[in-house]
Amino acid sequence: MTKTTLSIDSEFVVLNPNQQASVELADGGLYQRLDSAYNGFAGHQLVSCYAFSANWPSWERHPNGDEIVILLSGQTEFILQTDDGDVSIKLSRQGEYVLVPLNVWHTARTDNSCKLLFITPGEGTEHRPV
């Protein structure tokens, strides 16, 4: 085995249903490759990292599992749409995280730069405008 240092900023990790990891370049063709190379992403999880400095333009939900989102830097607020109404979860300290339950619509709001680590069950992910 060759020892190689990778960066979550430029290489994401795909975990297959047997928990074996593959590395994928985080480029413009990533999501097309995930669908074609990983059977529509059935049973897979994506470990990814994104930085952003504005509110998300859409809601999303994951019908095939819970998503974990960990704050690496900055601050952000997650809004989860539940049967009892919207729930706001603020992440303000490095290492804080939100567990987004299966099939719950969610979005993020921020007015500063932040960086998040995502562990996402990507199969069947849906989006809709805010």
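None of these values were measured; they are calculated from a predicted model. (Residues numbered from 1 in each chain as written. Predicted model: local features only at pLDDT ≥ 70, side-chain atom pairs only at ≥ 80, totals over all residues. Heavy atoms only, no water.)

**Thoughts on the overall build of the chain**
On a plain count of helices and strands, the chain comes out with one helix and 11 strands. When the helices and strands of the chain are placed in sequence order, the string is β-β-α-β-β-β-β-β-β-β-β-β. Against the globule reference of 14 Å for 130 residues, the chain gives a C-alpha radius of gyration of 15 Å, in line with a compact fold. Projected onto its principal axes, the C-alpha coordinates of the chain cover approximately 45 × 30 × 25 Å. The burial tally for the chain puts 34% of its 130 residues in the buried class. Taking all contacts inside the chain whose residues are at least 6 apart in sequence as the whole, residues at least 24 apart take part in 71%. Surface summary for the chain: the accessible area is close to 7,600 Å², and the carbon and sulfur share equals 50%. (Helix = DSSP H or I, 4+ residues; strand = E, 2+ residues; numbered from the N terminus. Rg over C-alpha atoms; globule rule 2.2 N^0.38 Å. Buried < 20%, exposed > 50% of the residue type's maximum accessible area, 1.4 Å probe, protein only. Contact = heavy atoms within 4.5 Å. Areas by Shrake-Rupley, 256 points an atom, 1.4 Å probe, with all protein chains shown as cover.)

**Focus: the environment of Ser113**
The residue Ser113 is located in the loop between strand E9 (105-109) and strand E10 (114-120) in this model. For Ser113, a relative accessible area of 56% translates into the label exposed. In contact with Ser113, not counting residues within four places along its chain, are Phe52, Ser53, Ser73, Gly74 and Gln75.

**Description of the packing of aromatic side chains**
Counting across every chain of the model gives six aromatic pairs. Look at Tyr50 and Phe118: their rings are 6.0 Å apart centre to centre, the planes differ by 70°, and that puts the pair in the edge-to-face class. Placement of the pair is Tyr50 in strand E3 (residues 45-52) and Phe118 in strand E10, with a sequence separation of 68 residues. Taking the relative accessible area as the measure of exposure, Tyr50 reaches 32% and is therefore partly exposed. (Phe/Tyr/Trp six-rings, centres within 6.5 Å; stacked < 30°, edge-to-face > 60°.)

Read these as geometric descriptors, not functional statements.
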